Each structure stands twice: as C-alpha cells, then as structure tokens.
Amino acid sequence: MTTTTASTATTASATSGILQSMGLGSGLDINNIVTQLTQAEMNAETTNVAAQQADVTSKVSALGTLKSALATFQSSLSVFSGTGKNSAFNALSATSSDSTVFTATASAGAAVGSYQVQVQSLAQSQQLISHVFSGGAASSIGTGTLNLSLGSQSLSVTIDSTNNTLAGIRDAINSAAGNPGISAALVYGTGNNAQLVLTSSRTGVANTITINSSGGDGGLSALNYSSGNTSNFTEQQAAQDATISIAGVTHTSSSNVVSDALDGVTLNLVTAKPNTNINLTVTNDSSHVTSLLQSFVTAYNTMIQQITPLGSYDASTKTAGPMLGDSLLTGIQNQLFHAMGDTVSNAGSVYNSLASLGVTTNADGTLSLDTNVLNSALNSNFQNVVSVMGGSGGVVDRLNSMLNTALSSAGIIQTRGNNLTTQQTSIDNENAAIAARTAVIQQRYMTQFNAMDTLLAQMQNTSSFLTQQFNALNKVNNSNG
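Per chain, the residues get numbers from 1 upward, laid out in the order the sequence is written. Per-residue local features are limited, in this predicted model, to residues with pLDDT of at least 70; the limit for side-chain atom pairs, both in listing and counting, is 80 or more; totals at the level of whole chains, interfaces and linings are taken over all residues. The basis for every side-chain value is the complete set of non-hydrogen atoms in the structure, without hydrogens or water.

1. A few points about empty space enclosed by the protein
Alright, step 1. Put plainly, a pocket is an open set of points on a 1 Å grid over the protein atoms alone with protein on both sides within 12 Å along at least five of seven lines, a cavity is a set where a 1.4 Å probe fits but cannot get out, and a lining residue has an atom within 4 Å of a point. Grid points are joined across faces, edges and corners, and a volume is the space filled by probe spheres set on the points. Under the defined criterion, the tally for this structure stands at one cavity of 30 Å³ or more.
Alright, step 2. Computed from the structure, the largest cavity encloses a volume of approximately 30 Å³.
Alright, step 3. In this structure, the largest cavity is lined by Lys59, Leu63, Pro322, Met323, Asp326, Arg416 and Leu420.
Alright, step 4. The set of elements that each furnish at least two residues to the lining of the largest cavity consists of helix 3 (30-76) and helix 10 (412-480).
Alright, step 5. Residue composition of the lining of the largest cavity, grouped by class: four nonpolar, no polar and three charged. The helix and strand labels rest on DSSP assignments: H or I over at least four residues marks a helix, E over at least two residues marks a strand, and numbering proceeds from the N terminus. Note on residue categories: nonpolar means Ala, Val, Leu, Ile, Met, Phe, Trp, Tyr, Cys or Pro, charged means Asp, Glu, Lys or Arg, and polar means any other residue, Gly included.

And the structure:
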C-alpha cells in the first residue's frame, strides 16, 4: 500500500506542468478558465484605456488631415506671390502687330500703352572661312599653340604631332575645356580641297574672333587672323549688333533678345524690316487674372472639402466627425472666413472684396466664381481687382499671414499635436501597467487552480485506495462466510 501511494505522488509531481493546462485532478480547462477570469477582472481598465487610445488615434489622424490640408493650400498660394506691382495678379500682356518681325512679353515693370517699333537690323555672330588646303582634312598644318579669343575671353590649344592636321585642329578647338563659344568645322570643295570654318556662338560686334599662334614649327601661322591680318580667313558673316528704335529712340543690342530698351518689356527680334513701324501694345492681361482666380478658388475648395468632414455630423448614421465642436477647428474656420470675406481697405470703394469680384460662398463652404462679374470688374478697374487679391493686406496676403501663424512651430496646431503626444505617452504607460497587473492576476489564479487540482488528484488517489481496501475486505469476509 505504501508503495502505491508513493508511486502516485511521484506521478503527480512529474506531471505538475501538465496539470496547469489540462487539470488532471479536476478535468477542467484551467488555462481557459484563468484567462476568462483575468479578463473579467481587468475588463473595466482595459476597456477604458482602449477607448482613450481610440480617441487619441482619431484626433491625431484628424489633426494630420487638418495640417496637411492647410499646408497644401498655403503651398498653392506661392503661385500668387508678390504684392503691388510685383503681384502675380498684376499681369500684363505685350503684343506685336507683326510677329514675323518681333514678338514681345511684358513683366510687372511695364506700363500700359502703345509704341511704334522699327527693327533696322538683327544681331548676328561672326563666321570665318580659311583659304583652301589642297591636302584636305589630312593636311599637315604645323605645331605649337593656337591662341583664340572671342570678345574678351580667350582659349589656348596645344597642337603637336598627334593633332597637327586640319581635322586634328578642328577637333582640338571643339573639345577644348573653357571654349568661350567658337565652333570649328570643315567644308569640302572640288577634289580633296578642305577649308576650316570658325563660327562664334555669340552675337554682337564685341564678339569677334582673333587667332594668334606661337611656338612649335611656325606652321600654325597659316591660321592667324586679326583686324590687322585678314589674309588667312575670309569673313563670311560679320559680327553685328541689333538696331531698333522705339518711339523714335534708337537702341542697339548685342542680342536679338532685347530687354533693356523699354521698361518691363522684352522684345524677341525675328526679322529685320528697316524703316517700317510695327505696333507694340502693352495691356492688362485680364484672361491671366481670370485663370489665376479660378486656380485660387479650386485650391481653396480642395482644402475646404478636406477639413469640413472633420467637424461634421451625419444625422442619418449618427456619426460625428473627430473634431466636431473642437475650438481648434472652428477657430481656423472662422479665421479663413474673415480672411476671405472681409473687405480690403486699400482697394477702393466698389471692387474691394472677393464678393465684388464674383466669388461667392456656397452652402458647403466652397467657393464659386462668376466670370461675368469678374470681367466687369477687370474692365472697370483692373488695379482694384489686383489690390483685392495681390495687394498689401489683400486676400492672399491675409491668408498667408494667418496660415504662417497657425502652422508655425509655436502655433496652435503644433501645440495640439504636443498635447496629443503627451496623452499617447500616458496611455502607453497605462497599458504597460495593465499588462503587469494582468500578469500578476493571471499567476494568482493559476496558482490557486493548480493547488485545487493537485488536492483533487490526491483525494482521488485516496478514494481509489480506500475502495481497493474495502473491496479486498469484502472478498475476505465473503470467503470466510
């Protein structure tokens, strides 16, 4: 009997780990029971923290949406940068009555008006062609150094036995580092004859080519060229300045792009037409302003469509936006409303607000543009329209100021973000504490149920032993009877 009991105890000790999960004494699923009891005890805490986490996560996401929408809208305002004469809305258009002679563009510095322009000559670059070399591209010229200049800039090319042919000199000039704009080519005549052509990439009388050789065998002197030595090259095209007149005033330019003859106007010369008046007209560019204002409305509407749902409420689904009633959102919306709706003090008495330009607010907060009203305003007082949108204290200026404050590192959005980060840290700490308490409670329940299970196992062993003894005793009594 003693042996049987010892064996049972040994078995119970060896399977103590199994008892924790299988409940050998009781037959119960101890792990499942312990898990459910632990969850029930911690349910209130975990539910509360989960709700806090969901709330913070929702607010962080909403704040990110708000910040992104505002920042994207402000980025779009860069297209309308500048105030006063430099405002993008203060657009001017320059047109030529004959675009085959010149075209024109106008910037903010131009003055509205009409001007008579004559293009007497175009600027052109110099081109030289050498005398004939009967040996063609392989003609041996000589060695030494070629010193070439174009206007005030110069270039030195070393010619030796590896590149002393006409073709070698051509390639040496074209590949030289620091070449100021001289290109070399070979043209071929009858038979094997070849000639070296040098062309300047720069127009204007100041950009002429000169060539002087030095050192070597002296053969490179066959390519020397200067104003006092023109025998080795023929000037196929002379360097020349453009000559124009505007309102009877003559102006010369080394380039065919003339930007210093009339304030704010750039002329692109195409063809010379001497002594012929071509009309240049500088006007306010109303179509450009309309396009800019439509782009502004589109950008603003995109922002509104992103931030409005944050503070909305859907009665049919009883669903509230994550920032419904939030003073941060309502404050920004109010600032936007005033920046867009208030009059501009220095824009005049008639066209001094977005509404007077045909921009109205819809029921959902987005904007609509009535181009007929805008065109009327542009035709009536173009500068007042410019002042409303691009003037100092105008709509774009006010919006930029408001958004700079809201999005700054010390602004209300960053401050709210910092607060949410603090809340998230607190939630993370609470989750860690809950995890620790859960582990302690789970271990306590596991210890209690394992102790119970061990006791039941021992009682079952004792019961089995006693049953065996009673059965044995009954068998003896029956045999004696």
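Right, picking up where we left off after that structure.
2. Focus on the nonpolar core
Alright, step 1. In this text, buried Ala, Val, Leu, Ile, Met, Phe, Trp, Tyr and Cys residues form a nonpolar core when linked through side-chain atoms within 4.5 Å. Partly exposed describes any residue whose relative accessible area lies between the buried limit of under 20% and the exposed limit of over 50%, with all areas from a 1.4 Å probe on protein chains only and scaled to the type maximum. Within the largest apolar cluster, 51 residues are counted, with the highest numbers of intra-cluster contacts made by Leu66, Phe73, Phe296, Leu336, Met389 and Leu399.
Alright, step 2. Contributions of two or more residues to this core are made by helix 3, helix 5 (286-307), helix 6 (327-341), strand 19 (367-369), helix 7 (371-380), helix 8 (382-390), helix 9 (395-407) and helix 10.
Alright, step 3. If you tally residues by element for this core, the top one is helix 5, at ten residues.
Alright, step 4. By definition, residues are in contact when any of their heavy atoms lie within 4.5 Å. The residues contacting Met389, other than those within four sequence positions of it, are Phe89, Leu293, Phe296, Leu354, Leu357, Gly394, Val395 and Val396.
Alright, step 5. Grouped together as the second largest cluster of nonpolar side chains are 27 residues, Phe133, Ile182, Leu198 and Leu220 included.

3. Structural notes on the layout of surface pockets
Alright, step 1. The computed volume of the largest pocket comes to approximately 360 Å³.
Alright, step 2. Tyr300, Phe337, Thr361, Gly365 and Leu367 are the residues nearest the centre of the largest pocket, which is lined by 18 residues in total.
Alright, step 3. Among the elements that take part in the lining of the largest pocket, helix 6 stands out by supplying five residues, more than any other.
Alright, step 4. Taken together, the residues that form the lining of the largest pocket break down as ten nonpolar, seven polar and one charged.

4. Brief notes about helix 9
Alright, step 1. Look at helix 9: 18 Å from first C-alpha to last across 13 residues, which is about the 18 Å you get at 1.5 Å a residue.
Alright, step 2. The complete set of buried residues in helix 9 reads Val395, Val396, Arg398, Leu399, Met402, Leu403 and Ala406. Considered in projection along helix 9, the buried side chains sweep an arc of 160 degrees and stay on one side of the axis. Expected helix span is taken as 1.5 Å per residue step, with the number of steps being one fewer than the number of residues. Relevant arc is that of directions from the helix axis to the C-beta atoms, nothing else.

5. Side note on the side chain of Asp285
Alright, step 1. Inspection of the secondary structure assignment puts Asp285 in the loop between strand 15 (278-284) and helix 5.
Alright, step 2. For Asp285, the side chain forms a polar contact with the side chain of Ser287, separated by 2.9 Å.
Alright, step 3. Only 3.2 Å separates the side chain of Asp285 from the backbone nitrogen of His288, close enough to count as a polar contact.
Alright, step 4. Apart from residues no more than four positions distant in its own chain, Asp285 is found in contact with Ala91, Leu92, Ser93 and Phe382. N or O atoms within 3.5 Å of each other form a polar contact, as long as, within protein, one can give a hydrogen and the other can take it, and as long as residues adjacent in sequence are counted only when both atoms are side-chain atoms.

6. Quick word on the environment of Ser356
Alright, step 1. Assignment of secondary structure puts Ser356 in the loop between helix 6 and strand 18 (359-361).
Alright, step 2. A sequence separation of 32 residues divides Ser356 from Val388, and the C-alpha atoms of the two residues are 9.5 Å apart.
Alright, step 3. With sequence-adjacent residues up to four places away left out, Ser356 is seen in contact with Val350, Tyr351, Val373 and Ala377.
Alright, step 4. A polar contact of 2.6 Å, which involves the side chain of Ser356, links it to the backbone oxygen of Ser353.

7. Remarks on the pattern of salt bridges
Alright, step 1. Basic side-chain nitrogens of Lys or Arg form a salt bridge, by our definition, when they fall within 4 Å of a carboxyl oxygen of Asp or Glu. Here the structure, examined in full by the defined rule, presents seven salt bridges.
Alright, step 2. Two residues, Lys59 and Asp55, come together in a salt bridge whose shortest N-O distance is 3.2 Å. One end of the pair is Lys59 and the other is Asp55, both in helix 3 and four residues apart, which spans about a single turn.
Alright, step 3. Owing to a relative accessible area of 36%, Asp55 belongs among the partly exposed residues under this scheme.

8. Re the sheet that holds strand 13 (residues 257-262)
Alright, step 1. When DSSP locates at least two bridges between a pair of strands, those strands are taken to pair. In space, the three strands of this open sheet follow the order 2-14-13, with antiparallel pairing throughout. Either end of the sheet is taken by a strand with one partner, and the two such strands are strand 2 (102-106) and strand 13. When the angles between neighbouring strand axes are averaged without regard to direction, this sheet yields 30 degrees.
Alright, step 2. As paired elements, strand 13 and strand 14 (residues 265-269) share three bridges and run antiparallel to each other. Bridged to Val258 within strand 14 is Leu267. Interaxial angles span 0 to 180 degrees and are taken between N-to-C directions of axes, which are lines fitted to C-alpha atoms, for helices over the stretch in contact.

9. A few points about the pairing of strand 11 (residues 242-246)
Alright, step 1. Most of strand 11 sits inside the fold, with four of its five residues counted as buried.
Alright, step 2. In this structure, strand 3 (residues 113-121) lies alongside strand 11, joined through four bridges in antiparallel fashion. Pairing of Ser121 across the sheet is with Thr243, part of strand 11.
Alright, step 3. Of the strand pairs in this sheet, strand 11 and strand 12 (residues 249-253) are connected by five bridges, and their pairing is antiparallel. Along strand 12, the bridge assignment pairs Ile244 with His251.

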